[in-house]
Amino acid sequence: MSQPYKIFNSAEFTDRHSEFERVETFTKERNRGALIFEGERGSGKTTFLFELYRRLNEQRELRPFLISLSPYSAPEFESNKNKWLNTDRSFQKDDIPVVLNRLASYLEIDSIETDDREFKKDYFARGLAYRSAQATPVLLVDSIYECPDDTRIEFEKFILAPILASERVFVILSGRGKRPIWSRPELRDADIIKIEPLQSNFVIEQLEKLNKQGKLKRDPSEYATIAYLSCGYPLIVRVMAESNKQLLTALDEAINIIIGETLPEREQKNLENIRPFIEKLALVDIPFRIPDVDEYLYGDDREPRAKTNHLINLLLESYLLRYEGKGYQLSQSIVHPIRKWLALKGRDSEYMEQLQQISAKLQEEYPSARAWYQKMLPAKTSLPNTVFHPLKASKAHYA
Amino acid sequence: MKSLLDLGFGFDPFKHLDSTRDVHLQEYLVIPKAVEITLLDQPVAILAQPGGGKSALRIYTSNFYTDSRGIRFPVTYIPDDYSTENDFHFKGIKKSLASAAFMYLASYPDLFFALSPDGRQKLKGLLLDVPLGLDFNLQALRDSRFLSDLEQTLGTPAFSNLPRLDRAHKKLARELEEESPFESLSLDDSFALLNEVFGVKSIHILVDGLDGFMETQSPQALLAWIEPLLNVLETWEKKNIYLKFFLPMDISDAPALTNLHSLRLAALTWDDHLLAEVIRRRVFVASRRTFDSLDAVSAPDLRNVELSLARQLGEKEKLPRQIILKCQNLLHKVVQSGRIEILPEDLFFSRESFYVTAI
């Protein structure tokens, strides 16, 4: 795997004390239950979960088992038996028997003997439910919201439901995008913890720390700008800090990574064509519906509705967009960096002008929703002076 | 002609007014907070109007326990007859228990082969009580290709998701047929047997289907009829056997229920927001998580469509069945008009509500 931001490295972990405390309190005060960490793309959920797994491995009374449903790598856990990671591909339904087998072995579960291989999955699942070992299992599952529905339903049926039948068990999940509807009440009523972007001063502190360890080559004068432009999303911070390009180009790359890798494989080569439309959507300040934005996005096209439908479906499939309350909303980890990037490039004015026209048109067409459509435009992105200087000076600071 | 597909639905989430036929029920059932006690390890009585969601909750509860792979063992008891005999219900429960045990074996056939001779004989003794007779059940086991076929023939849910029935099932049928049965087991012995041979830790007996009784009998008669069950609540609870009643609302104030300290009562009632949630969940699942509100397929100046629909229901209509029917009518009208959008006049049309009685 070539992307360094998809390799876990505990030494570079940006600490999240309050989240760890929540987990600690949860496992100490209860016998069982589920916790779900939710956050935007690039907010650090995966890294947090991996670090949590590392720490839980040090606790004798707990038996952690990590499953990553998205490709990720963690060389420092290579010898661990209590994990399922794949560096190249996402988790699939066919992987369930392998996971169950590993779980059964790790949790010392006896299951019914059978000659039929295809029955093993069900017998392991039964064994998981009837487990009688002393230690408490903690199942950590990354990217559970982002997997296809049929995979998630199978995962719940064969892994989560049986393990949750135990009297002592903890399930810790992470996901982004729209919360799925769980079948199990423990998951429906799970404690939700939001993984928020990092505070600006914290980002700077962490970058300075890494710099002292000799892990960064960027000039420290750029750290404040990185913190500002990244909006505190660790993935963007990491890509920008490790890039040897100018800050604005590095931000551009980070935005491409944050979007591109979530797109279905068949569309990844189209990123360049898709991105301008995502940029336009990033400026829409209200939850929108397809008829609200089709003309804004594809006004000159003969089939604006069909193209908008396609784009929306694509973004939904990528979990970069979700329907929330009154309409679709783009992931905030895309919206804010893109707004800053557009402002710095001076491209936002043209889009704002188009959006202004659409907003006026919708207000006229739907007078009862006038107040709503008046809020369609965002406030102009103001860029602090402290940002401009490093941007102008920014060159490759690699030695 | 437009269809729900054009509106972005993968299937019609408002097709089934009868929850027992809805394969997606587990995915989108809304469970009001008050009745979450149904899933706890204790005797409970859930009270609701006809159409208020009792059977849906009972099915959800049963599925919840089968998902535990039977460690919490569900037994659904729906009296199919009426008798004033004191042991009428206990005989009925024993039949239901035998049926569930048979399906458990079909779900994990290899389990039987590992049992002791004594365990096998006792199990055969229990299975002699299965509805329609053991011979019929064994023949169904031989004839079925999938567990779902067997579920359909015997009307009892399976405990596993085996991809197909295999030679292990043929062997199970043969060995069960050849096994000599233990002397007839008492109900208490049957409960103990499930713990002994299957490792079951608790048994949850779901008593449903009593609404029909109320159509011909008084509330007092219903209470008198279920009294033998109410009398064993505490004794059974001590053995981790929990009775869960799904009862008509008319008997909610009956002292025979309210005075029972070991029985927790909860009313399954609905307000506009919960009913709106019934719609949203269905929309979300049927649109494959694309949107969770009918607002997404409405004209831009329509907001909170599902809440508006719920508010249009009369006081006595505020039931899941009624809101589902209302949505069914609304979407039917939109589709029939060849549109892909709900308009304000469609909502106005749906005020002409269709009230249905119990199905």
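The following refers to the structure shown. None of the values given here were measured: they were computed from a predicted structure.

## Considerations on the overall build of chain A
Next, step 1: What chain A contains, in helices and strands, is 17 helices and eight strands.
Next, step 2: The C-alpha radius of gyration of chain A comes to 23 Å, within 12% of the 21 Å expected for a compact globule of 399 residues.
Next, step 3: Within the span of chain A, comprising 399 residues, buried residues form 56% of the whole.
Next, step 4: Here the analysis covers contacts within chain A between residues at least 6 apart in sequence; of these, 69% occur between residues at least 24 apart.
Next, step 5: For chain A, the exposed surface amounts to about 17,700 Å²; the carbon and sulfur share of it is 45%.
Next, step 6: On chain A, the mean spot of the 58 positive side-chain charges and the mean spot of the 60 negative ones are 2 Å from each other.

## Looking at the overall build of chain B
Next, step 1: Of regular secondary structure, chain B possesses 16 helices and five strands.
Next, step 2: Its C-alpha atoms give chain B principal-axis dimensions of about 70 × 50 × 30 Å.
Next, step 3: The 359 residues of chain B split such that 57% are buried.
Next, step 4: Counting only contacts in chain B whose residues sit at least 6 apart along the sequence, the fraction spanning at least 24 positions is 76%.
Next, step 5: Accessible area for chain B stands at about 15,000 Å²; split by element, carbon and sulfur atoms hold 49% of it.
Next, step 6: Separation of charge centres in chain B, based on 40 positive and 49 negative side chains, amounts to 4 Å.

## Thoughts on the packing of helix 3 (residues 96-106) of chain A against helix 5 (residues 149-164) of chain A
Residue and element names in this part refer to chain A.
Next, step 1: The interhelical angle for the contact between helix 3 and helix 5, taken along N-to-C directions, is 25°, at an axis separation of 11 Å. Relative to helix 5, helix 3 is oriented roughly parallel. In terms of crossing hand, the pair formed by helix 3 and helix 5 is right-handed. Packed against helix 3, whose contacting residues are Ile96, Val99, Leu100 and Leu103, the element helix 5 presents Glu154, Phe155, Phe158 and Ile159 at the interface.
Next, step 2: The class makeup of the residues in the contact of helix 3 with helix 5 is seven nonpolar, no polar and one charged.

## Re the pattern of salt bridges
Residue and element names in this part refer to chain A.
Next, step 1: Across all of its chains, the model carries 54 salt bridges over all chains by this definition.
Next, step 2: Measuring nitrogen to oxygen at the nearest pair gives 3.6 Å for the salt bridge that ties lysine 93 to aspartate 150. Of the two residues, lysine 93 is situated in the loop between strand 3 (83-84) and helix 3 and aspartate 150 in helix 5; the sequence distance between them amounts to 57 residues.
Next, step 3: Note that lysine 380 is salt-bridged to aspartate 348, the shortest N-O span being 3.3 Å. Taken together, the residues span a long stretch of sequence, with lysine 380 in the loop between helix 16 (370-374) and helix 17 (385-393) and aspartate 348 in helix 15 (residues 348-365) at a distance of 32 residues.
Next, step 4: Overall, the relative accessible area of 52% leaves lysine 380 in the exposed class.

## Quick word on the packing of aromatic side chains
Next, step 1: A full pass over the atoms with the stated rule returns 30 aromatic pairs over all chains.
Next, step 2: Aromatic side chains tyrosine 104 of chain B and phenylalanine 159 of chain B sit 5.0 Å apart centroid to centroid with 75° between the ring planes, which places their arrangement in the edge-to-face category. On the criterion of sequence distance, the pair formed by tyrosine 104 of chain B in helix 3 (residues 88-107) and phenylalanine 159 of chain B in the loop between helix 7 (147-154) and helix 8 (167-178) is long-range, its members being 55 residues apart.
Next, step 3: Judged by its relative accessible area of 4%, phenylalanine 159 of chain B is buried.
Next, step 4: Cation over ring: arginine 63 of chain A sits above tyrosine 106 of chain A, and NZ or CZ is 4.1 Å from the ring centre.
Next, step 5: We note lysine 121 of chain A situated over the ring of phenylalanine 158 of chain A; from NZ or CZ to the ring centre the distance is 4.2 Å.

## Brief notes about the nonpolar core
Next, step 1: Ranked by size, the top nonpolar core spans 120 residues in total, and within it Ile259 of chain A together with Leu294 of chain B carry the most contacts.
Next, step 2: Once residues lying within four places of it in the same chain are set aside, the contact partners of leucine 294 of chain B are Phe9, Ile279, Val283, Val305, Glu306, Leu309, Cys327, Leu330, Leu331 and Ile342 of chain B.
Next, step 3: Ranked by size, the runner-up nonpolar core spans 80 residues in total, among them Leu47, Phe112, Phe113 and Leu247 of chain B.

Analysis parameters
Residues numbered from 1 in each chain as written. Chains lettered and ligands numbered in written order. Predicted model: local features only at pLDDT ≥ 70, side-chain atom pairs only at ≥ 80, totals over all residues. Heavy atoms only, no water. Helix = DSSP H or I, 4+ residues; strand = E, 2+ residues; numbered from the N terminus. Rg over C-alpha atoms; globule rule 2.2 N^0.38 Å. Buried < 20%, exposed > 50% of the residue type's maximum accessible area, 1.4 Å probe, protein only. Contact = heavy atoms within 4.5 Å. Areas by Shrake-Rupley, 256 points an atom, 1.4 Å probe, with all protein chains shown as cover. Lys, Arg positive; Asp, Glu negative; His and termini not counted. Charge placed at Lys NZ, Arg CZ, Asp CG, Glu CD. Axes fitted to C-alpha atoms, helices over the stretch in contact; angles between N-to-C directions. Parallel < 35°, antiparallel > 145°, perpendicular 65-115°, else oblique. Left-handed = near helix turned anticlockwise from the far one by under 90°. Nonpolar A, V, L, I, M, F, W, Y, C, P; charged D, E, K, R; others polar. Salt bridge = Lys/Arg side-chain N within 4 Å of Asp/Glu carboxyl O. Phe/Tyr/Trp six-rings, centres within 6.5 Å; stacked < 30°, edge-to-face > 60°. Lys NZ or Arg CZ within 6 Å of the ring centre and 35° of its normal. Core = buried A, V, L, I, M, F, W, Y, C linked by side-chain atoms within 4.5 Å.

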